[in-house]
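Residues per chain, in single letters:
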Amino acid sequence: MSVHDRVRVRETKLLSDNWYVLKTTTFDWKRRDGTWQTQSREHYDRGNGAVLLPYNLANRTVLLVKQFRYPAFVNGYDDLLIEAAAGLLDDAEPETRIRAEVEEELGYRLGDVRKVFEAFMSPGSVTEILHFFVAEYDASMRIGDGGGHPDEGEDIEVLEPTIDEALGMIADGRIRDAKTIMLLQHLALTVFAKA
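Values in this document were obtained by computation on a predicted structure and should not be read as measured data.

### So, the overall build of the protein
Along its length, the protein carries 4 helices and 11 strands. Overall size of the protein, expressed as C-alpha extent along the three principal axes, is 60 × 40 × 35 Å. Classification of the 195 residues of the protein by burial places 37% in the buried group. Taking contacts inside the protein between residues at least 6 apart in sequence as the whole, the part at least 24 apart equals 58%. When the accessible surface of the protein is totalled, it reaches about 11,500 Å², and 48% of it is carbon and sulfur.

Encoded structure:
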């Protein structure tokens, strides 16, 4: 039996369509014991996204961004967030979109880009699937300063720590972004550990 056979949607209501779409749905869920239970959940649809962490194997460095994130601030985080370059797909293919984001945010035009996995980041309330990429970079690929688009509210600083410094930033709490932690650990285990 598929999950589709275990869900009967009763009603979906639009709560907000201001920035992205927030809905609440009442549905029946067929439990493992065969009984049906009525449940209600809110779900936020902001579209799917992509994230990429560039790395330089020879220098043992990575490229990260540092920027203000209001949701982190309102939840008590009083610092700029350190992250891998990322963005929503906006109806583009994941690789196409992430290449554009890297150029906008980091100022690099990358060669080969490799998708490593995809994941739901907050499946209890957000519909987004995030596509994770890595790519090698070097100084010859730099085409600008990065920094994002000021007219979109972006004010991005580019960082270039070593992989060891970046892993240390996870340990001491300076990096708290889940997608970035996942990609840093992926590179530490699959790329830098083998070099």
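### As for the UniProt feature "binding site: Mg(2+)" (unreviewed entry) in the protein
Per the UniProt annotation, the sites labelled "binding site: Mg(2+)" (unreviewed entry) are Ala86, Glu101, Glu105 and Glu154. On the basis of their most widely separated C-alpha atoms, the annotated residues across 69 residues gather in one place, lying no more than 12.3 Å apart. Within the secondary structure layout, Ala86 lies in strand S8 (residues 85-88). Discounting residues that sit within four places of it in the chain, Ala86 has contacts with Ala50, Val51, Ile98, Glu101, Glu105 and Lys179.

### A look at a nonpolar patch on the surface
Judged by side-chain polarity, Phe68, Tyr70, Phe73, Val74 and Leu80 come together as a nonpolar surface patch covering roughly 500 Å² of accessible area. Along the polypeptide, Val74 turns up in helix H1 (residues 70-74).

### Some points on helix H4 (residues 178-190)
With 13 residues, H4 should cover 18 Å at 1.5 Å per step; its first-to-last C-alpha distance of 18 Å lies within 8% of that length. Considered for burial, the residues of H4 that qualify are Lys179, Thr180, Leu183, Leu184, His186, Leu187 and Ala188.

### A closer look at the nonpolar core
Counting 22 residues, the largest nonpolar core has Leu53, Val62, Leu64 and Leu187 as the members making the most contacts within it. Looking at this core, the elements that each hand over two or more residues are strand S4 (49-56), strand S10 (129-136), helix H3 (163-171) and H4. Counting residues in each nonpolar core, the second largest holds 17 residues, with Leu52, Val65, Val102 and Val113 among its members.

### Re the packing of H3 against H4
How two helices pack is summed up by the angle between their axes together with the distance between the axes. Orientation of H3 relative to H4, taken along the N-to-C sense of each, is 135°, at an axis distance of 10 Å. Between H3 and H4, the angle falls in the class oblique. Taken as a pair, H3 and H4 cross one another with a handedness that is left-handed. When H3 is examined against H4, the residues Ile163, Ala166, Leu167 and Ile170 are found in contact with a partner set consisting of Ile181, Leu184 and Ala188. Considering only residue class, the contact of H3 with H4 consists of 7 nonpolar, no polar and no charged.

### Points about the environment of Asp45
Turning to its location among the elements, Asp45 is positioned in strand S3 (residues 36-45). Residue classification places Asp45 among the partly exposed residues on the basis of a relative accessible area of 38%. Those residues in contact with Asp45 that sit more than four places away from it in its chain are Tyr20, Val21 and Thr127. Only 3.4 Å separates the side chain of Asp45 from the side chain of Thr127, close enough to count as a polar contact.

How each quantity is defined
- Residues numbered from 1 in each chain as written.
- Predicted model: local features only at pLDDT ≥ 70, side-chain atom pairs only at ≥ 80, totals over all residues.
- Heavy atoms only, no water.
- Helix = DSSP H or I, 4+ residues; strand = E, 2+ residues; numbered from the N terminus.
- Buried < 20%, exposed > 50% of the residue type's maximum accessible area, 1.4 Å probe, protein only.
- Contact = heavy atoms within 4.5 Å.
- Areas by Shrake-Rupley, 256 points an atom, 1.4 Å probe, with all protein chains shown as cover.
- UniProt positions renumbered as here; feature names shortened; annotations may be inferred.
- Patch = residues over 30% accessible without salt bridge, like charges linked within 9 Å, V, L, I, M, F, W, Y side chains within 5 Å.
- Salt bridge = Lys/Arg side-chain N within 4 Å of Asp/Glu carboxyl O.
- Expected span 1.5 Å × (residues − 1).
- Core = buried A, V, L, I, M, F, W, Y, C linked by side-chain atoms within 4.5 Å.
- Axes fitted to C-alpha atoms, helices over the stretch in contact; angles between N-to-C directions.
- Parallel < 35°, antiparallel > 145°, perpendicular 65-115°, else oblique.
- Left-handed = near helix turned anticlockwise from the far one by under 90°.
- Nonpolar A, V, L, I, M, F, W, Y, C, P; charged D, E, K, R; others polar.
- Polar contact = N/O pair within 3.5 Å; in protein donor to acceptor, adjacent residues only side chain to side chain.

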